[in-house]
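# Coordinate inspection notes
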Amino acid sequence: MNKLKTKELQQALTNLFKLGVGKTNNNLTIVFGKTQTLLMVRRLDKFHETNNNGFIEFSAVLDASNQEQGLVLLRDAVDFKKEIGKLESEDVEFELTDNQLIVNNGTYVSNYSSSDIRSRKTMNSQTMVTIDLNGKVFQQAYKQAFKHVSLDKRRNWLNGIHHELKQGQLTIGATDAYTLSLETVSCSSNTDELDFFVTYDMVKTLSKVKADNVKICIEENDNDWYIRFILDGRYMLESTVKKIIKPHFERLIELKNGCNPVSLDSTTLKEVVKYIKEKGYNNTEYQKAKHCHLVNFKVKDKKLEVFYQVKDNDEVKFVPLDMKLKYEINTQFDLNIYFNFDYLELYLTGQRGKVTLCFQNEYKRPNVRVFQVKLQDKDNFIGAIAPVRI
């Protein structure tokens, strides 16, 4: 007879189902160990071109008192979760008899397979790299980076987040070639340098999961990274990712030190975004964006003017923004930049204080050069936006 705490089991199943059980896969694997029980589900990775086994696996580890060890593969995880959710007893008792899983003396009975159909890789502790991070800091960096991941499967090296570990600092970066998020967070690790890549579906899940502590475990060979995220020592997310490209951040978007800064109040910018979305023309022909509200920033004699697009009958034209802006300008150069204002909004969520746009002037065509986005009180973060050619 094997035992688990009912509430712990119910919560673990709820968390596992957030990954998408019932949509792409309805199987649940239960591994009964002597003192622990492992619950495991998996889903198809949409970007399987970069995922060597095509799947992402999500697991929960529960303390248990098990008299019988073994592996159970249930073909109807949804029904199992539903029945477990009805239980009110403090403990759940499992019995394995003749390829049947019996719960609480017959409250729930299901047939199972005793062999796991997947070829599962065991991590080698001798070669494994571990990285430990603060869970809150990790999630904030992932939430910001997730907004900038490309969904274009033709450029699979952009379909996820790049990581670069250097001497206790982990740089987390993502770009869709129009915008960029690059943030460096402190960590502890058993190695000084490592590069690796995490696919979009893994990133999407991790950006939603809350944890106080996050441990990343990585093994690599000539072709793959085997990556496991351990959340609070209880939940694991893992997959095998192809080494499609080395994550050198300078190859994503060429950045130089910010110059010609124009600083604006974030609260004012949010109001401007809202105003332009309501009044402006959604010009989707540029940059193939679903939403593209083009704006024109002009700086002359240290004065800023903002123009946005409207549609008058069949004519699309730029008109001046009729709102008072709070800004600071520290440049002697005249600037004339066109860009998608919706992209700037990606950096404003939850942001307070100043947002500084750093423009470059040393090129013959400064209006088509990438410019930086810096946020107040986030010294280890850099964003970037690619202007529009007009």
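Analysis parameters
- Residues numbered from 1 in each chain as written.
- Predicted model: local features only at pLDDT ≥ 70, side-chain atom pairs only at ≥ 80, totals over all residues.
- Heavy atoms only, no water.
- Helix = DSSP H or I, 4+ residues; strand = E, 2+ residues; numbered from the N terminus.
- Buried < 20%, exposed > 50% of the residue type's maximum accessible area, 1.4 Å probe, protein only.
- Phe/Tyr/Trp six-rings, centres within 6.5 Å; stacked < 30°, edge-to-face > 60°.
- Lys NZ or Arg CZ within 6 Å of the ring centre and 35° of its normal.
- Pairing = 2+ DSSP bridges.
- Contact = heavy atoms within 4.5 Å.
- Axes fitted to C-alpha atoms, helices over the stretch in contact; angles between N-to-C directions.
- Salt bridge = Lys/Arg side-chain N within 4 Å of Asp/Glu carboxyl O.
- Polar contact = N/O pair within 3.5 Å; in protein donor to acceptor, adjacent residues only side chain to side chain.
- Core = buried A, V, L, I, M, F, W, Y, C linked by side-chain atoms within 4.5 Å.
- Expected span 1.5 Å × (residues − 1).
- pLDDT = per-residue confidence, 0-100.

## Section: the overall build of the protein chain
Within the protein chain one finds six helices and 27 strands. When the 390 residues of the protein chain are sorted by exposure, 51% land in the buried category.

## A short note on the packing of aromatic side chains
Under the defined criterion, the tally for this structure stands at 16 aromatic pairs. The interplanar angle of 40 degrees and the centroid separation of 4.8 Å between the aromatic rings of Phe-359 and Phe-371 together place this pair among those described as tilted. With Phe-359 in the loop between strand S25 (354-358) and strand S26 (371-375) and Phe-371 in strand S26, the pair connects residues that are twelve residues apart, well separated along the chain. Overall, Phe-359 belongs to the buried group, its relative accessible area being 2%. Looking at Phe-371, the relative accessible area reads 0%, which means it is buried. What links up through ring pairs into an aromatic cluster is the set Phe-297, Phe-339, Phe-341, Phe-359 and Phe-371. Over the ring of Phe-17 we find Lys-81; its NZ or CZ atom is 5.4 Å from the centre of that ring. Here Lys-298 stacks its cationic end above the ring of Phe-307, 5.1 Å away from the centre of that ring.

## Comments concerning the sheet that holds strand S18 (residues 235-242)
With respect to topology, nine strands assemble into an open sheet ordered S6-S2-S3-S4-S18-S17-S16-S10-S14, the strand pairing being antiparallel. The sheet terminates laterally at strand S6 (70-74) and strand S14 (188-189), the two strands that pair on one side only. One ladder, built from two bridges, connects strand S10 (residues 129-134) with S14; its direction is antiparallel. Bridging from a neighbouring strand, Asp-132 pairs with Ser-188 of S14. Contacts between helix H1 (residues 6-17) and the sheet are confined to strand S2 (28-32), strand S3 (36-44), strand S4 (55-63) and S18, with S4 contributing the most and set at about 170 degrees to the helix. Helix-sheet contacts for helix H3 (residues 135-146) involve S10, strand S16 (213-220) and strand S17 (224-231), and the interaxial angle to S10 is about 95 degrees.

## Description of the pattern of salt bridges
With the rule as written, the count across this model stands at eleven salt bridges. Across the pair Arg-228 and Glu-238 runs a salt bridge whose closest N-O atoms are separated by 3.2 Å. In this pair, Arg-228 is assigned in strand S17 and Glu-238 in strand S18, connecting sequence segments ten residues apart. Across the salt bridge formed by Lys-354 and Glu-328, the nearest N and O atoms sit 2.8 Å from each other. Of the two residues, Lys-354 sits in strand S25 while Glu-328 sits in strand S23 (residues 327-329), which places them 26 residues apart along the sequence. Residue Lys-354 is classed as partly exposed on the basis of its relative accessible area, which comes to 34%. A relative accessible area of 45% means that Glu-328 is categorised as partly exposed. Beyond isolated ion pairs, a larger network of salt bridges with shared partners links Lys-5, Glu-90 and Asp-91.

## A closer look at the side chain of Arg-228
The buried category is assigned to Arg-228, whose relative accessible area is 16%. Polar contacts involving the side chain of Arg-228 include one to the side chain of Glu-238, which spans 3.2 Å.

## As for the nonpolar core
If you look at the biggest cluster of nonpolar residues, it comprises 63 residues, and the most contacted ones within it are Leu-28, Phe-80, Leu-101, Phe-196, Ile-216 and Phe-229. Broken down by element, this core gets its largest block of residues, five residues, from H1. Sequence-distant contacts of Leu-101, that is, excluding residues within four places in its chain, are made with Ile-30, Phe-32, Leu-74, Phe-80, Phe-94, Glu-95, Leu-96, Tyr-108, Val-109, Ser-110 and Tyr-112. Counting residues in each nonpolar core, the second largest holds 37 residues, with Phe-297, Leu-304, Leu-357 and Leu-375 among its members.

## Thoughts on H1
Here H1 contains twelve residues, and its C-alpha end-to-end distance of 17 Å stays within 8% of the 16 Å for a straight helix at 1.5 Å per residue. Within H1 the residues assigned to the buried category are Thr-6, Leu-9, Ala-12, Leu-13, Asn-15, Leu-16 and Phe-17.

## Focus on the sheet that holds strand S13 (residues 179-186)
Spatially, S15-S11-S12-S13-S27-S26-S25-S19-S23 is the arrangement adopted by the nine strands of the open sheet, whose pairing is antiparallel. Sheet topology places strand S15 (193-199) and S23 at the edges, where each strand pairs with a single neighbour. Direction aside, the axes of adjacent strands within the sheet are offset by 20 degrees on average. Both strand S12 (residues 169-175) and S13 contribute to a ladder of seven bridges, which runs antiparallel. Within the sheet, the bridge partner assigned to Gly-173 lies in S13 and is Leu-182. Across the face of the sheet, H3 comes into contact with strand S11 (160-166), S12, S13, S15 and strand S27 (381-385) while running at roughly 170 degrees to S13. Contacts from helix H5 (residues 266-279) reach strand S19 (261-265) and S25, with the element oriented near 80 degrees to S19.

## Considering unusual backbone geometry
In this structure, Asp-232 takes a positive phi of about 55 degrees despite not being glycine. Take Asp-232: it is sitting in the loop between S17 and S18. Since its relative accessible area comes to 36%, Asp-232 is described here as partly exposed.

## Details of the confidence of the model for the protein chain
Residues with a pLDDT of 70 or more make up 87% of the protein chain, whose mean pLDDT is 84. Note on residues 116-125: pLDDT is under 50 here. Beyond four places in sequence and across chains, it has 24 contacts.

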